Every structure is written in structure tokens, then in C-alpha cells.
Amino acid sequence: VAVTDDSSSMVSDAVAAGLAVVGLAPSQQRLTANEREYRSILGARGGYASVALAAITPAALLDRLARLEPLKDDPSEALAALLAQRLPQLFGPGR
């Protein structure tokens with residue numbers, strides 16, 4: 001799926017849905033350091049790539065999507081496990 005790359009919500013929702021994601025980056029994109037790091041992690045995992053919106057063609061978009069492999073695991077499950085590990089008082093018995 002192609003999403004606008006300046007929307008962390010769109011990128012996150014598409015990745016969490018188990019889709020291969022190409023972020024179409026506008027020329028004036030301004031991401032925070034955390035957002036850049038997040039996208040770098042997603043890219044390293046193989047399910048996400050960012051391309052310049054001004055440079056993309058339909059054929060290039062289809063080619064880029066074909067080379068991506070959607071994430072196998074649900075990122076929200078990984079986050080929940082990490083939170084449970086770091087904040088056990090929130091996930092203890094009776095919670």
C-alpha cells in the first residue's frame with residue numbers, strides 16, 4: 001500500500017495491518033528525530049520503504065512494493081510485551 005510518508009499514523013496503521021508499505025515523501029517533509037528513527041527501524045525490518053513523491057512513477061511504485069515483505073509480527077504485541085517487562089506493576093495480577 002502507498003501512504004503519505006509525512007503521516008506517522010498512516011505508516012503505523014498500514015504496517016500494523018500486515019501490509020507492505022511505501023511512504024510517498026513530499027519534498028517539504030519535516031519529521032522529528034523519533035519519526036525518522038521509527039521509519040529507519042521499519043525499513044530495516046523490510047516491510048517499509050520511503051520514496052520521494054516527486055520522483056515516483058507507477059512502475060517504480062509497483063516494483064518497490066514487490067520488493068517489500070510485510071512484517072510477520074504485530075508491532076502492537078511487541079510494544080505490549082516491552083511495556084509489561086518494563087512496567088510490571090501495570091500488568092500484574094488483577095489488572
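Residues numbered from 1 in each chain as written. Predicted model: local features only at pLDDT ≥ 70, side-chain atom pairs only at ≥ 80, totals over all residues. Heavy atoms only, no water.

Draft legend 1. Main features of the pattern of salt bridges. As enumerated under the stated definition, the model contains three salt bridges in all. The salt bridge involving Asp63 is made with Arg67; its shortest N-O contact spans 3.2 Å. Accessibility expressed as a relative area gives 40% for Asp63, which makes it partly exposed. As a salt-bridge pair, Glu69 and Lys72 come within 2.6 Å of each other at their nearest N and O atoms. On the accessibility criterion, Glu69 (46% relative accessible area) is partly exposed. Given the relative accessible area of 72%, Lys72 is considered exposed. (Salt bridge = Lys/Arg side-chain N within 4 Å of Asp/Glu carboxyl O. Buried < 20%, exposed > 50% of the residue type's maximum accessible area, 1.4 Å probe, protein only.)

Draft legend 2. Representation of a nonpolar patch on the surface within the structure. Among the surface-exposed residues, Leu79, Leu83, Leu87, Leu90 and Phe91 lie close enough to one another that they form a single nonpolar patch of about 440 Å² accessible area. For the nonpolar patch, the elements supplying multiple residues, two or more each, are helix H4 (75–86) and helix H5 (88–91). Looking at the element boundaries, Leu83 is found in helix H4. You can call Leu83 partly exposed: its relative accessible area is 35%. (Patch = residues over 30% accessible without salt bridge, like charges linked within 9 Å, V, L, I, M, F, W, Y side chains within 5 Å. Areas by Shrake-Rupley, 256 points an atom, 1.4 Å probe, with all protein chains shown as cover. Helix = DSSP H or I, 4+ residues; strand = E, 2+ residues; numbered from the N terminus.)

Draft legend 3. How the structure looks around the packing of helix H1 (residues 8–16) against helix H2 (residues 33–45). Viewed as axis vectors pointing N to C, H1 and H2 meet at an angle of 25°, and their least axial separation amounts to 12 Å. One element, H1, and the other, H2, form an angle in the roughly parallel class. Along this stretch, H1 crosses H2, giving a crossing that reads as left-handed. Of the residues in H2, those in contact with Ser8, Val11, Ser12 and Val15 of H1 are Glu35, Tyr38, Arg39 and Leu42. The residue makeup of the contact of H1 with H2, split by class, is four nonpolar, two polar and two charged. (Axes fitted to C-alpha atoms, helices over the stretch in contact; angles between N-to-C directions. Parallel < 35°, antiparallel > 145°, perpendicular 65-115°, else oblique. Left-handed = near helix turned anticlockwise from the far one by under 90°. Contact = heavy atoms within 4.5 Å. Nonpolar A, V, L, I, M, F, W, Y, C, P; charged D, E, K, R; others polar.)

Limitation: the analysis is restricted to geometry and does not speak to function.
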